[in-house]
Amino acid sequence: MPHEVVMKSRESLEITGVKEVESFDNEEFLLETSMGFLSIRGNQLHIKNLDVHEGVISIEGKVDDLVYVDAAGEKSKGFLGKLFK
């Protein structure tokens, strides 16, 4: 299942490749995607549209943070995190 994240003006997200919505509230969403778990944090977040058959979710609100989380629940390290161990 292809996975894409499209963000417009930090106020609108459309995400494909969503397998499951693990949890959500107005400050954080945790999604299981075909590329791993994705944590979305912000303010006044809410679901605009959800299509479970197609694996597509649209989220609106102020987006502050998008982070992929590994299976052990730790944030994955980016390039700089690996560089400065």
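Residues numbered from 1 in each chain as written. Predicted model: local features only at pLDDT ≥ 70, side-chain atom pairs only at ≥ 80, totals over all residues. Heavy atoms only, no water.

A. The arrangement of the sheet that holds strand E4 (residues 28–33) in detail. With antiparallel pairing, the six strands of this open sheet are ordered in space as E1-E2-E6-E5-E4-E3. A single partner strand is all that each edge strand has here, and the edge strands are strand E1 (4–8) and strand E3 (18–24). Put simply, the sheet's adjacent strands are angled 40° from each other on average, direction ignored. Two elements, strand E2 (residues 12–16) and strand E6 (residues 56–69), share five bridges in a ladder whose sense is antiparallel. Directly across from isoleucine 15, in E6, lies its bridge partner isoleucine 57. (Pairing = 2+ DSSP bridges. Helix = DSSP H or I, 4+ residues; strand = E, 2+ residues; numbered from the N terminus. Axes fitted to C-alpha atoms, helices over the stretch in contact; angles between N-to-C directions.)

B. Main features of the environment of lysine 8. Considering the arrangement of structural elements, one finds lysine 8 in strand E1. The spacing of lysine 8 and valine 63 is 55 residues in sequence and 9.9 Å in space, taken between C-alpha atoms.

C. The side chain of serine 58, seen in detail. Examined against the element boundaries, serine 58 turns out to sit in strand E6. The contact partners of serine 58, leaving out residues within four places of it in the chain, are Leu13, Glu14, His46, Ile47, Lys48 and Asn49. (Contact = heavy atoms within 4.5 Å.)

D. Up close: the pairing of E2. Every second residue of E2 is oriented toward a common face, the buried set being Leu13 and Ile15 and the non-buried set Ser12, Glu14 and Thr16. In the sheet, E1 pairs with E2 via five bridges, with the strands oriented antiparallel. Following the sheet pairing, methionine 7 is matched in E2 by leucine 13. Turn length for the E1-E2 hairpin, with the two strands adjacent in sequence and antiparallel, is three residues, and the turn residue serine 9 shows positive phi of about 55°. (Buried < 20%, exposed > 50% of the residue type's maximum accessible area, 1.4 Å probe, protein only.)

E. How the structure looks around the nonpolar core. Formed by Leu13, Ile15, Val18, Phe29, Leu31, Leu38, Ile40, Leu45, Ile57, Ile59 and Val63, the largest nonpolar core amounts to 11 residues. Elements with a contribution of two residues or more to this core: E2, E4, strand E5 (36–51) and E6. Dropping the residues within four chain positions of it, isoleucine 59 is found in contact with Glu11, Ser12, Leu13, Ile15, Phe29, Ile40, Leu45, His46 and Lys48. (Core = buried A, V, L, I, M, F, W, Y, C linked by side-chain atoms within 4.5 Å.)

F. Representation of the confidence of the model for the protein in the model. Per-residue pLDDT for the protein averages 88, and the proportion of residues at 70 or more is 82%. Across the protein, E2 holds the top mean pLDDT of 98, while helix H1 (residues 79–83) sits lowest at 51. (pLDDT = per-residue confidence, 0-100.)

G. Molecular detail of unusual backbone geometry. One non-glycine residue, arginine 10, adopts positive backbone phi at about 55°. Residue position: arginine 10 is located in the loop between E1 and E2.

H. Just the pattern of salt bridges, in detail. Under the defined criterion, the tally for this structure stands at four salt bridges. For arginine 41, the salt bridge goes to aspartate 65, with nearest N and O atoms at 3.2 Å. With arginine 41 in strand E5 and aspartate 65 in strand E6, this pair connects stretches of sequence that are 24 residues apart. On the accessibility criterion, arginine 41 (29% relative accessible area) is partly exposed. For aspartate 65, a relative accessible area of 24% corresponds to the partly exposed category. Among the salt bridges present, the one from glutamate 60 reaches lysine 48, with a minimum N-O distance of 3.7 Å. Here glutamate 60, found in strand E6, pairs with lysine 48, found in strand E5; they are 12 residues apart in sequence, far enough to count as distant. Glutamate 60 gets classed as partly exposed once you look at its relative accessible area, which sits at 25%. For lysine 48, a relative accessible area of 57% corresponds to the exposed category. Through salt bridges with shared partners, a single ionic network connects Arg10, Lys62 and Asp64. (Salt bridge = Lys/Arg side-chain N within 4 Å of Asp/Glu carboxyl O.)

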